[in-house]
Amino acid sequence: YVDDPIAAICGSEAHRRLLMTVIILLWEALGFKLAYLKGQCGRTVTWIGGTLVIDPRGVTATVKQSIVTDIVDDLTAFLATNLVSKKKLHSILGKLNHAAGLLITIRPFLDEIWAAWAAPSPANHLGCVWTKQFRPALLWFHKLFTGKGRRIERYFSIDSFNRVGTQVEIGTDASPWGMGGWLTVGGHYTHYFAVPVTPADAILYGVEIGTAAGQQIWECLAVLVAIDMWAAVWNQHRIILQIRSDNVTALTALVRMRPKTEGVGIIVRELAMRLVEMSFPPDAYHTPGISHVIADRLSRVFAPDGDGVVANALHPALAHATLSTSPERTRQW
């Protein structure tokens, strides 16, 4: 089955026209039924619900305007009422999912709406759900698609695709009592951090400090803290960002942007906002625990048997690295 074919062609105008003719004749020879009325050629085309604009450095992909208009109309209607039918809610979820195929960083913000759609209906309003169950998500998406939030486009740069730039690597780890990590730029250790799990963390995520129940949460939170803290290092440079962890949940959440639990969902939504400018998600590498020595030591500084002292003496590789100060993890953060 073949549908919506597309080709990128470069060269002089005569050469481009020749190649385009060859491609079309080949498709005809293979027996494909071509809808010539839908054909497009140029630096800007609409393809599978998105608008693609090519420039010498890459491609800008934007959600199709008609889909954006439908989403905004539905969101505006939902925000004006207290009750929404599940049928209408499922319809907008389909449109938002379509947009999320391009804008992967909005994926984790869909969870709240999916949860409301799957929840039982009120006894006296079968087939409906209360808007208050997912109103924060509606407001967030409304601001996004009306231009008051992050942009609704994604830029795919040729340099990022060809992996041109400085290699920046982050390694993180967590224990039931703390989190730690390191940063390398061009293969050299430049920064490191270690922070304890705080009572505020325990309250927000609903787990006790020092228990195994919070392990997955703290592993994911360590990645968020590191990216938030060191983003300034690469924001103005072409880089290849790699994240190393010995925790599969944290790496999967980072790449797929589809959290499995409520606590991880909070973290992944924050990660999405910090990575929205990147052409592609960071490369994620699983490092076996036995090889994850530096980050492991940093994460255990605040354990009951740790001395609570964060210093580069923890490992020789950190001898010339700088200790970074982690931001206070308040609700505003």
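Refer to the structure presented above.
Keep in mind that this is a model prediction, so the values were computed, not measured.

Enquirer: How do you make sense of the overall build of the protein chain when you look at a structure like this?
Expert: Looking only at helices and strands, one finds eleven helices and twelve strands in the protein chain. Within the protein chain, the proportion of its 333 residues that are buried is 39%. Total accessible area computed for the protein chain in this model is approximately 18300 Å², and 57% of it derives from carbon and sulfur atoms. Looking at the protein chain, you have 31 positive and 27 negative side-chain charges, and the mean spots of the two groups are 8 Å apart.

Enquirer: It is not clear to me how the packing of helix α2 (residues 65-79) against helix α5 (residues 135-145) should be interpreted in this structure. Could you clarify?
Expert: Packing of α2 against α5 leaves a shortest axis separation of 10 Å and a crossing angle of 140°. In this structure, the crossing between α2 and α5 has a hand that is left-handed. Only R135, L138, L139, F141, H142 and F145 of α5 make contact with α2, whose side of the interface consists of V68, I71, V72, L75, T76, F78 and L79.

Enquirer: Explain the sheet that holds strand β2 (residues 50-55) here, please?
Expert: In spatial order, the strands read β1-β2-β3-β6; together these four strands make up an open sheet with antiparallel pairing. Every interior strand has two partners, whereas the edge strands, β1 (44-47) and β6 (153-157), have only one. Adjacent strand axes in the sheet meet at a mean angle of 20°, parallel and antiparallel pairs treated alike. Bridge count for β2 against strand β3 (residues 58-63) is six bridges, and the pairing is antiparallel. Its bridge partner being in β3, D55 is matched across the sheet by G58. On the sheet, helix α3 (residues 86-102) packs against β3 and β6 and is oriented at approximately 170° with respect to β3.

Enquirer: When you look at unusual backbone geometry in this model, what are you seeing that I'm missing?
Expert: The phi angle of most residues is negative, glycine excepted, and most peptide bonds adopt the trans form. Of note in the backbone geometry, D4 takes a positive phi value of approximately 50° without being a glycine. Following the sequence through the fold, D4 ends up in the segment before α1 (13-29). Note on D4: relative accessible area 36%, which makes it partly exposed. Residues other than glycine seldom take positive phi values, yet M257 does so here, at roughly 60°. With respect to the helices and strands, the residue M257 is situated in the loop between α9 (248-256) and α10 (262-275). You can call M257 buried: its relative accessible area is 3%.

Enquirer: What am I meant to see in the nonpolar core here?
Expert: A general feature of soluble globular proteins is that nonpolar side chains tend to end up buried together. Judged by nonpolar contacts, the single largest core of 67 residues is most densely connected at F141, F145 and W218. Per element, the largest residue contribution to this core is twelve residues, and it comes from helix α8 (residues 215-234). The contacts of F141, once residues within four sequence positions are left out, are L75, L96, I106, F109, L110 and I113.

Enquirer: Looking at this structure, how should I read the environment of F156?
Expert: Here F156 shows up in strand β6. Accessibility expressed as a relative area gives 24% for F156, which makes it partly exposed. The sequence separation of F156 and M278 amounts to 122 residues, and the corresponding C-alpha distance is 8.4 Å.

How each quantity is defined
Residues numbered from 1 in each chain as written. Predicted model: local features only at pLDDT ≥ 70, side-chain atom pairs only at ≥ 80, totals over all residues. Heavy atoms only, no water. Helix = DSSP H or I, 4+ residues; strand = E, 2+ residues; numbered from the N terminus. Buried < 20%, exposed > 50% of the residue type's maximum accessible area, 1.4 Å probe, protein only. Areas by Shrake-Rupley, 256 points an atom, 1.4 Å probe, with all protein chains shown as cover. Lys, Arg positive; Asp, Glu negative; His and termini not counted. Charge placed at Lys NZ, Arg CZ, Asp CG, Glu CD. Axes fitted to C-alpha atoms, helices over the stretch in contact; angles between N-to-C directions. Left-handed = near helix turned anticlockwise from the far one by under 90°. Contact = heavy atoms within 4.5 Å. Pairing = 2+ DSSP bridges. Core = buried A, V, L, I, M, F, W, Y, C linked by side-chain atoms within 4.5 Å.

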